[in-house]
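Descriptive structure summary
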Amino acid sequence: MGKLIVGNWKMNGLGTSLAEAQAVAAGLGSSSGGPGVRVGLCPPATLVERMARSLSGSPVLVGGQDCRAEASGAFTGDVSAEMLSEAGAVLVILGHSERRSGYGETDALVAAKVEAALRAGLEPIICVGETLAEREAGRAVAVVSAQVRGSLPQALAGRAFSVAYEPVWAIGTGLTPTTAQIEEIHTAVRAEMSAVLGAPGARAPILYGGSVKPGNAAEILSASEVGGALVGGASLKSVDFLGIIAGAG
Ligand code: PGA
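Below is a short write-up of the structure. The shown structure was predicted, so the numbers you read here are calculated from the model rather than taken from an experiment.

Next up on the list: helix 7 (residues 140-151). The end-to-end C-alpha distance of helix 7, which contains 12 residues, comes to 16 Å, matching closely the 16 Å that a straight helix rising 1.5 Å per residue would cover. Taken together, the buried positions of helix 7 are Ala-140, Val-143, Val-144, Ser-145, Gln-147, Val-148 and Ser-151. Among the structural elements, helix 4 (97-102), helix 5 (107-119), strand 5 (123-128), helix 6 (132-136), strand 6 (162-165) and helix 8 (179-197) are those in contact with the buried residues of helix 7.

Dropping the structure here:
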């Protein structure tokens, strides 16, 4: 199955940055990594609608970076899945470690957001990952397995979604796990997905995220059970992002 390569712009990007997204779309013809590679970009909420418009007709999928579980209401500053969908998003990143640690998002809250995404017809990308302290304590597999168990609602069965394994210590640091470490966690994630969801959990892609760059993408993406990548910093520049996509072939 084709890989899914998604860029997470985090809180970066003004209107001028849409040129980078257009360059990604333009470059896909020549740099696309093999048949069936799916490419997405998740800009800040303010740019979702404009990016979706400017990329309409291109194969690049647009997504949000978070959503509220409720469809509407008195939740100052928040954005619902329905709002993202209306703005043109088809993907949404949920449970990113920057949300889990910075906003106290629990597995139960992430699961509720996943249900909201499905309700609105969005394809969720559900993030999990251990901290350095948890890895050093030998708890990486246990922590990530528990996150998968708690963050994946039954409603995912039969729906399009992915899980992204992003070790917290690899995000934005330039550090990456070894291929063996990635494979160990992805194997555990797969087992947990199958246990929670049955057969549908055996098929959905498991992405790797954390300091993916053009120089390491091909090796990471060829590891077993790696179905794609979630890319932060290197997705802000179209040449770097296209270089990563080329590694998905
Ligand atoms: P990074 O971020 O690629 O900049 O390490 C990844 C992420 O947070 O999704």
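Next up on the list: the site of the ligand. If you check the shell around the ligand, you find 13 residues, and the closest are Lys-10, His-96, Glu-166, Gly-172 and Ser-211. Residue Gly-232 places a main-chain N or O atom 2.8 Å away from an oxygen atom belonging to the ligand. Measuring from an oxygen atom of the ligand, one finds a backbone N or O atom of Gly-233 at 2.8 Å. Residues that form the shell around the ligand fall into these classes: four nonpolar, seven polar and two charged.

A separate point is the nonpolar core. Core analysis: the largest hydrophobic core is formed by 66 residues, its most contacted members being Ile-5, Leu-152, Phe-161, Met-193 and Ile-245. Examining the composition of this core, we find that six residues originate from one element, helix 8, more than from any other. Ignoring anything within four residues of it in the chain, the contact list for Met-193 reads Val-148, Leu-152, Phe-161, Val-163, Gly-198, Gly-201, Ala-204 and Ile-206. Core analysis: the next-biggest nonpolar cluster, separate from the first, contains 10 residues, Leu-91, Ile-93, Cys-127 and Leu-230 among them.

The alternating pattern of strand 7 (residues 206-209) places Ile-206 and Tyr-208 and Leu-207 and Gly-209 on opposite faces, both of which are buried. Pairing between strand 6 and strand 7: three bridges, direction parallel. Each bridged residue has a counterpart across the sheet, and for Ala-164 the counterpart in strand 7 is Leu-207. Relative to strand 8 (residues 228-231), strand 7 runs parallel, the two being bridged by three bridges. Residue pairing for strand 8: Gly-209 is matched across the bridge by Leu-230.

Attention now moves to the packing of helix 9 (residues 214-221) against helix 10 (residues 238-246). For any two helices packed against each other, one specifies the inter-axial angle together with the distance between the axes. Running from N to C, helix 9 and helix 10 point in directions that differ by 25°, and their axes come no closer than 8 Å. As far as their axial angle goes, helix 10 and helix 9 are roughly parallel. With respect to the hand of their crossing, helix 9 and helix 10 are arranged in right-handed fashion. Contact residues: helix 9 offers Pro-214, Ala-217 and Leu-221, while helix 10 offers Asp-240, Gly-243 and Ile-244. For the contact of helix 9 with helix 10, the residue count by class is four nonpolar, one polar and one charged.

Let us now look at the sheet that holds strand 6. Ordered in space as 1-2-3-4-5-6-7-8, the eight strands form a closed barrel in which the pairing is parallel. Averaged over all pairs of adjacent strands, the angle between strand axes in this sheet comes to 25°, irrespective of strand direction. Sheet topology note: the strand 3 (residues 61-64)/strand 4 (residues 91-94) ladder contains two bridges and is parallel. Following the sheet pairing, Gly-63 is matched in strand 4 by Leu-91.

Scanning all chains against the criterion turns up one aromatic pair. Lying across the ring of Phe-75, Arg-68 places its NZ or CZ 3.7 Å from the centre. Over the ring of Tyr-103 we find Arg-99; its NZ or CZ atom is 3.9 Å from the centre of that ring.

Calculation rules
Residues numbered from 1 in each chain as written. Predicted model: local features only at pLDDT ≥ 70, side-chain atom pairs only at ≥ 80, totals over all residues. Heavy atoms only, no water. Helix = DSSP H or I, 4+ residues; strand = E, 2+ residues; numbered from the N terminus. Expected span 1.5 Å × (residues − 1). Buried < 20%, exposed > 50% of the residue type's maximum accessible area, 1.4 Å probe, protein only. Contact = heavy atoms within 4.5 Å. Near = heavy atom within 4 Å. Polar contact = N/O pair within 3.5 Å; in protein donor to acceptor, adjacent residues only side chain to side chain. Nonpolar A, V, L, I, M, F, W, Y, C, P; charged D, E, K, R; others polar. Core = buried A, V, L, I, M, F, W, Y, C linked by side-chain atoms within 4.5 Å. Pairing = 2+ DSSP bridges. Axes fitted to C-alpha atoms, helices over the stretch in contact; angles between N-to-C directions. Parallel < 35°, antiparallel > 145°, perpendicular 65-115°, else oblique. Left-handed = near helix turned anticlockwise from the far one by under 90°. Phe/Tyr/Trp six-rings, centres within 6.5 Å; stacked < 30°, edge-to-face > 60°. Lys NZ or Arg CZ within 6 Å of the ring centre and 35° of its normal.

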